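# Remarks on the overall topology
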Amino acid sequence: MKGFLRILLAAGMACGVFASAGRSLAKPLAKPLDIVFVNPGKTGEVFWDMVAQSMQAAGRKLDAHVEVLTSERNYRTMQELGLGVVARRDKPDFLILSNEESAAVPILEAAEAAGVKTLLLSNTLIGEDAARLGPPRQKLKTWLGDITTDLQTAGARMANALIAAARTEKWQSADGKIHLLGIGGDEITPASIARNAGLKLAVDAAPDVVMDRLLFANWTQSEAEQVTTNYLGWASRKEIRPAGIWAGNDPMALGALRAVVAAGLVPGRDIQLVGLNWSEDALREIRAGRLLLTDGGHFLLGGWSIVLLRDYADGCDFAAVSPRVEVKTSAITRDNLASVGDLIKTRAFDRIDFAKFRAKAGRCGHYDFSLDALISSLPLPEGAAD
């Protein structure tokens, strides 16, 4: 708990450096806001639970009631929930959606017809949908914008960490190459496509690296365990030495880890694994030396989305810079684990003063949502040490 208080004290100091809170806005909070978030995940799914929790915590700080409707990973249900919100007699001020499996478009179009303002979180439009509808506020005037993370860079950072570790340990196979397995979530969700693209960029830039397979495990631990078991069996038959496993989220990394152990390998000593999500389970494996890193921090997109909408409602439009806000992720390793472990374990997001992240008057659209800068780069206050 002392470590967590230390983080929050540091956060308070950090926020004062690069934002001056809602107090610096020209106008005070204009009115209470009614916001609905259609959560694409399952109840108990760590990442999406944390997105929703940070969103509601920010709402409590910024006079916004956030209603969360959970789709249970059923995208027909997601569409039904979203369309139901749009059809309400008493419509919310804002509707937050995620374009998981490219399923948000019918809701966006219905919201346009009904005059409901929308924000896309984590996954925006891609492919034919993006070509047909264009950017936010063009054909769909009520689609205010999107808040996403640079997951391509995250995917590349994860792969480069595996490659660097394998080179250091000299884990080349008989052909002189470093052999990796990639496990992606799916082939159609924008966030998955971006992560996978980062993996491919890193591998393509490394002539001594081969990605034997890019397999898909539907974001789940059980499927990742099975595809890893199959891959390790194949590698053994081909006399290939597997050096690393790249997994697009933490549950898949943990499933792969189970398969590695079952195959008689020691994770961290014989092979390295990486994940993404900043989940508590992944942090435990990092502490034990069995997982090299987990990238992420993007669960706070939930809280940041409420900051954007609060500012917009109060006349400080984030689109003054761009309707598309991109937040950087960062990696947790054994080196920086202590600085964020308590924050994730306790999920005490109500202790974060989200108001301090609001844009300053005359600087609408300018934000620093870097969790790494907030927690890691500032000196600790006196007397806050463990």
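Up top you'll find the structure we're talking about.
Turning to the packing of helix H10 (residues 280-287) against helix H12 (residues 337-346), a few remarks are in order. H12 packs onto H10 with a crossing angle of 150° between their chain directions and a minimal axis gap of 10 Å. Classified by the angle their axes make, H10 and H12 are roughly antiparallel. Considering the relative orientation of H10 and H12, their crossing is left-handed. Residues Glu280, Leu283, Ile286 and Arg287 of H10 form the contact with H12, whose own contacting residues are Leu337, Gly341, Ile344 and Lys345. For the contact of H10 with H12, a count of residues per class yields four nonpolar, one polar and three charged.

With that out of the way, let us pick up the side chain of serine 192. In this structure, serine 192 sits in helix H7 (residues 190-204). Look at serine 192 and you get buried, because its relative accessible area is 1%. Ignoring anything within four residues of it in the chain, the contact list for serine 192 reads Gly185, Asp186 and Trp219.

Here the focus is the packing of helix H2 (residues 46-61) against helix H11 (residues 301-313). For any two helices packed against each other, one specifies the crossing angle of their axes together with the interaxial distance. At a minimum axis distance of 6 Å, the contact between H2 and H11 shows a crossing angle of 35°. Crossing hand, H2 versus H11: right-handed. Counted together, Val51, Ser54, Met55, Ala58 and Gly59 of H2 and Gly302, Gly303, Ser305 and Ile306 of H11 form the full contact between these two elements. Looking at the contact of H2 with H11 residue by residue, the classes come out as four nonpolar, five polar and no charged.

Our next topic: the sheet that holds strand E4 (residues 117-121). Strand pairing in a sheet relies on backbone hydrogen bonds. The paired strands run either parallel or antiparallel. In space, the six strands of this open sheet follow the order E2-E1-E3-E4-E5-E11, with parallel pairing throughout. Bordering the open sheet on either side are strand E2 (64-70) and strand E11 (324-327), each of which pairs with just one other strand. On average, adjacent strands in this sheet sit at an angle of 20° to one another, irrespective of strand direction. Pairing of strand E3 (residues 94-97) with E4 involves four bridges; the strand directions are parallel. Within E4, the residue paired with isoleucine 96 across the bridge is leucine 119.

Locating serine 54 in the fold gives a position in helix H2. Serine 54 gets classed as buried once you look at its relative accessible area, which sits at 0%. The contact partners of serine 54, leaving out residues within four places of it in the chain, are Phe299, Leu300, Gly302, Gly303, Phe349 and Phe354.

Moving on to the pattern of salt bridges. Pairs may arise between side chains of opposite charge once their charged atoms sit close together. Following the criterion strictly, the structure yields 21 salt bridges and no others. Linking aspartate 208 and arginine 167 is a salt bridge whose minimum nitrogen-to-oxygen distance equals 2.8 Å. Of this pair, aspartate 208 sits in the loop between H7 and strand E7 (209-216) while arginine 167 sits in helix H6 (residues 151-169), placing them 41 residues apart in sequence. For aspartate 208, a relative accessible area of 21% corresponds to the partly exposed category. In this structure, a network of salt bridges that share partners links the residues Arg310, Asp311, Asp314 and Arg358.

On to the packing of aromatic side chains, then. According to the stated counting rule, one finds twelve aromatic pairs in the structure shown. Between the aromatic rings of tryptophan 304 and phenylalanine 357, the centroid separation amounts to 4.6 Å while the plane-to-plane angle is 50°, which identifies the pairing as tilted. One end of the pair, tryptophan 304, is in helix H11; the other, phenylalanine 357, is in the loop between H12 and helix H13 (371-376), and 53 residues separate them in sequence. You'll find tryptophan 304 and phenylalanine 357 in the same group, each marked buried. Site record: aromatic cluster; members linked through ring pairs are Trp304, Phe354, Phe357, Tyr367 and Phe369.

The six strands are arranged E7-E6-E8-E9-E10-E12 in an open sheet whose pairing can be described as mixed. Both edges of this open sheet fall to E7 and strand E12 (330-332), since each of them pairs with a single strand only. Looking at each pair of strands side by side, their axes are set apart by 20° on average, direction ignored. Pairing of strand E6 (residues 178-184) with strand E8 (residues 242-247) involves five bridges; the strand directions are parallel. Counterpart to glycine 182 in the pairing with E8 is tryptophan 246. Seen against the sheet, H7 touches E6, E7, E8 and strand E9 (272-276) and runs at an angle of roughly 165° to E7.

Given a rise of 1.5 Å per residue, twelve residues ought to cover 16 Å, and the 17 Å separating the end C-alpha atoms of helix H3 (residues 75-86) matches this to within 8%. Of all the residues in H3, the buried ones are Tyr75, Met78, Gly82, Val85 and Val86. Taken down its axis, H3 places every buried residue within 100° of arc, on the same side. Exposed side chains of H3 directed beyond 90 degrees from the buried face belong to Arg76 and Glu80. Tucked inside the fold, the buried residues of H3 contact strand E1 (33-39), E2, E3 and helix H4 (105-114).

The rules behind each value
Residues numbered from 1 in each chain as written. Predicted model: local features only at pLDDT ≥ 70, side-chain atom pairs only at ≥ 80, totals over all residues. Heavy atoms only, no water. Axes fitted to C-alpha atoms, helices over the stretch in contact; angles between N-to-C directions. Helix = DSSP H or I, 4+ residues; strand = E, 2+ residues; numbered from the N terminus. Parallel < 35°, antiparallel > 145°, perpendicular 65-115°, else oblique. Left-handed = near helix turned anticlockwise from the far one by under 90°. Contact = heavy atoms within 4.5 Å. Nonpolar A, V, L, I, M, F, W, Y, C, P; charged D, E, K, R; others polar. Buried < 20%, exposed > 50% of the residue type's maximum accessible area, 1.4 Å probe, protein only. Pairing = 2+ DSSP bridges. Salt bridge = Lys/Arg side-chain N within 4 Å of Asp/Glu carboxyl O. Phe/Tyr/Trp six-rings, centres within 6.5 Å; stacked < 30°, edge-to-face > 60°. Expected span 1.5 Å × (residues − 1). Arc of directions from axis to C-beta.

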